[in-house]
Structures are given as structure tokens and as C-alpha cells.
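Understanding the architecture of this molecule
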Amino acid sequence: SIGLPIFNGAATIDRSIATILNQTYTDFELIISDNKSGDDTEDICRDIARHDSRICYIRHNDHMSGFENFKYVLEQASAEIFMWHACDDYRSTNYIEENYKNLLMRGDCVGSASPNCFDDQEKDCDRWVRFSLEGSTYVRMRTFMDNAFSSHGIFYGLFRRAPLQMITWPVRQPLGFDWGIIASVLLEGSIARIDRGLFVSGRGGISQAPGRISRCQYNVLDGVFPFQRYARWVFRVLRGCDQITVAEKLLLARELWRLNWRYKFRSD
């Protein structure tokens, strides 16, 4: 099952959907959840859906948050393997097939992803992101926290749906909600990175959209500590994990709170 939440994506959706429909692995459902777009998204999606029975197009009458739309497409999925896809991203044609095979072979993995890069970096292999999240639970979590700002390619990988369904989503969207998803499933197993396939992020995604920070700030504390809601969410998940020692939990908690300052003083 592939979940594609979308809002006003007419400029890129044609190409993005094409990279899904042209995959070498063809046995999937594509769930498009249109968050009451005001551009030509509806017309484009309905036209494409008319020509491919694998597509389920849903248009909402009321606008929801992007966070809720990501959750919605997961709830509509029926297959054991799930993948999110954004309307301005695209993938190599072997992406799903190679990562699906990897999940079948790796029972210890809850997720699998190919290398990723930004649009216009496809030919520059030195700029591709390739890190995996494997090893002990603590090592997986610590590696993720050290690489959180480069983890979007992992979020858009293939996942076993069962661990995703176990996640307790916060009521309000925190800054870094995709990180919270990754951190939650890492407690259930590894996320491996294979060397085949490629995921390419569009430059105009959610993480770079205007107002991306302010829409996740609900009080003064959010302004001072931008990731405090994310940190509290993940720490609640860690607190109930018996695979990590108390000392390791404290170290991870320190990294969660340090993230607020890393974000404020990032130079890149």
C-alpha cells in the first residue's frame, strides 16, 4: 500500500505519480488523499485514476493538517507493507521491488530504504545519503538522532505496516513528526539501507514549506524549544522500552533536548 497525502500539488503530481505507476513491482494500491486542494490537483488525479485501477483517489471536503493526512493514508492501507510518497518526490523504477525483496529476506528489519538525494543531485553519487539504522536498539536510536536532519529518505522507505499501526500519534502536530515515526518503529527493529534504487526529494517539500515551523508552535515554550513536543513524544516511547538501559535512556534524552539548540545554530 502506498499513501500519497497531497495539497495543491498540481505542478509536480503528474511526474511523481508516474514514477510509482512505472515501478517494476506492480502489485500495489496507491491511496491519494487530497486535502481539499484549490488548484488543478483534483482534475489531474481523477484523470490518472480513471486509467489505472490501482489508484484510489479520495478528496476531503474539510481541510485537515498535513500531519493528519499522513495518518489518514496509513489508516486506509490494507497491505502488510506500506510506503508514504510525497507529491513532489520521485523514485527509480526498481525502488519498490528492491526494498520489498530486502524486507522479505530481512526478518529483523521493520523498514528498508534506498539511497536518497535532492532533485538535481541524481548524478552526484557523493551527495547521496546512505546511512542505515541497524544494531542494538540504543545504537539504532543514537545513529538516527545523529543523522535526523538527513533522514527524510528513510521516512519515505518501505515499512512493515504492523509497527506503524502500533504508534501512538500525538494530538497536535509536532515539528519533526516524521522523526517521531522513525524513532517509534526503530524500537521494533532495524531500518536497513540497500545500495540499489534511488529516492529523490523535491526541493519544495513539507520540510521547506513557508510556515513549517510556526504551524507547529502552539505556545511560548514551542518558540523557545522548537522540538520540545517531538522530544516529549519520543521520550515517552523510550521510557516504556525494556531493550534500553536507564543510562542509555538518559543519554538519548539528553540528545533529544540538545536537538533544539542544534537546530537554532545549524550552519547548513
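Relevant structure appears above.
Residues numbered from 1 in each chain as written. Predicted model: local features only at pLDDT ≥ 70, side-chain atom pairs only at ≥ 80, totals over all residues. Heavy atoms only, no water.

**Brief notes about the side chain of His 152**
Within the element layout of this structure, His 152 appears in helix H6 (residues 152-155). If we skip the residues at most four places from it in the chain, His 152 touches Asn 116, Phe 118, Phe 199 and Ser 201. (Helix = DSSP H or I, 4+ residues; strand = E, 2+ residues; numbered from the N terminus. Contact = heavy atoms within 4.5 Å.)

**Focus on the sheet that holds strand S10 (residues 199-201)**
Within the open sheet, the three strands sit side by side as S5-S10-S7. Their pairing is mixed. Of all the strands in the sheet, the pair left with one neighbour each is strand S5 (90-91) and strand S7 (116-118). By the bridge criterion, three bridges tie S7 to S10 in an arrangement that is parallel. By the bridge assignment, Cys 117 is partnered in S10 with Val 200. (Pairing = 2+ DSSP bridges.)

**A short note on the sheet that holds strand S3 (residues 55-59)**
Across the sheet, seven strands lie side by side as S3-S2-S1-S4-S8-S6-S9; this open sheet has mixed pairing. Looking at strand neighbours, the two that pair on one side only are S3 and strand S9 (190-193), the edges of this open sheet. Ignoring strand direction, the axes of neighbouring strands in this sheet form an average angle of 20°. With two bridges joining them, strand S6 (residues 109-113) and strand S8 (residues 158-160) adopt antiparallel strand pairing. Looking across to S8, one finds that Ser 112 is bridged to Leu 158. Running over the sheet, helix H8 (residues 177-186) touches strand S4 (81-84), S6, S8 and S9 and is turned about 110° from S9. (Axes fitted to C-alpha atoms, helices over the stretch in contact; angles between N-to-C directions.)

**Observations concerning the pattern of salt bridges**
Under the defined criterion, the tally for this structure stands at 16 salt bridges. Ionic pairing is found between Arg 196 and Asp 195, a salt bridge with its closest N-O pair at 3.2 Å. By sharing partners, the salt bridges in this structure join Arg 142, Asp 146, Arg 254, Glu 255 and Arg 258 into a single network. (Salt bridge = Lys/Arg side-chain N within 4 Å of Asp/Glu carboxyl O.)

**Some details on unusual backbone geometry**
Here the phi dihedral of Lys 36 falls at roughly 55°; this positive angle occurs in a residue that is not glycine. Along the chain, Lys 36 turns up in the loop between strand S2 (30-34) and helix H2 (41-50). Even without being glycine, Asp 120 reaches a positive phi, approximately 95°. By secondary structure assignment, the location of Asp 120 is in the loop between S7 and helix H5 (137-146).

**Some details on the packing of aromatic side chains**
For the structure on display, the rule yields 17 aromatic pairs. Each ring, one from Phe 67 and one from Phe 177, has its centre 5.3 Å from the other, and the planes form 75°; the classification is edge-to-face. Taken together, the positions of Phe 67 in helix H3 (residues 66-76) and Phe 177 in helix H8 put the pair 110 residues apart, joining distant regions of the chain. Phe 177 shares its class with Phe 67; the two are buried. Measuring from ring centre to ring centre gives 5.0 Å for Trp 179 and Phe 227, while their planes differ by 15°; the resulting arrangement is stacked. Separated by 48 residues along the polypeptide, Trp 179 in helix H8 and Phe 227 in the loop between helix H9 (220-224) and helix H10 (228-239) bring together distant segments of the chain. Residue Phe 227 is classed as buried on the basis of its relative accessible area, which comes to 3%. An aromatic cluster is present here, built from Phe 67, Phe 70, Phe 82, Trp 84, Phe 155, Tyr 156, Trp 169, Phe 177 and Phe 199 joined pairwise through their rings. (Phe/Tyr/Trp six-rings, centres within 6.5 Å; stacked < 30°, edge-to-face > 60°. Buried < 20%, exposed > 50% of the residue type's maximum accessible area, 1.4 Å probe, protein only.)

**What about the packing of helix H1 (residues 13-21) against H2?**
Two measures define how a pair of helices packs: the angle their axes make with one another and the distance between the axes. In contact at an axis separation of 10 Å, H1 and H2 are set at 25° when each is read in the N-to-C sense. One element, H1, and the other, H2, form an angle in the roughly parallel class. Between H1 and H2 lies a crossing whose hand is right-handed. In this structure, H1 contributes Ile 13, Asp 14, Ile 17 and Leu 21 to the contact, and H2 contributes Ile 44, Cys 45 and Ile 48. (Parallel < 35°, antiparallel > 145°, perpendicular 65-115°, else oblique. Left-handed = near helix turned anticlockwise from the far one by under 90°.)

**Section: H5**
For H5, the complete set of buried residues consists of Thr 137, Tyr 138, Arg 140, Met 141, Phe 144 and Met 145. What you see down the axis of H5 is that its buried residues fit within an arc of 165°, all on one side. (Arc of directions from axis to C-beta.)

**Section: the pairing of S6**
Walk down a regular strand and you will see the side chains alternate between the two sheet faces. Taken across its five residues, S6 has five buried, putting it largely inside the fold. Examined bridge by bridge, S6 and S9 share four bridges and lie parallel to one another. Each residue of the ladder has a partner; that of Cys 109, found in S9, is Ser 190.

**A word on the nonpolar core**
Counting 77 residues, the largest nonpolar core has Leu 30, Trp 84 and Phe 144 as the members making the most contacts within it. Per-element tally for this core: the top contributor is H8, with seven residues. With near-sequence residues (within four places) excluded, Trp 84 lies in contact with Gly 3, Pro 5, Phe 70, Val 73, Leu 74, Arg 91, Phe 155, Tyr 156, Gly 157, Leu 164, Trp 169 and Ile 181. Cys 117, Trp 128, Leu 198 and Val 200 belong to the second-largest nonpolar core, a separate cluster that totals five residues. (Core = buried A, V, L, I, M, F, W, Y, C linked by side-chain atoms within 4.5 Å.)

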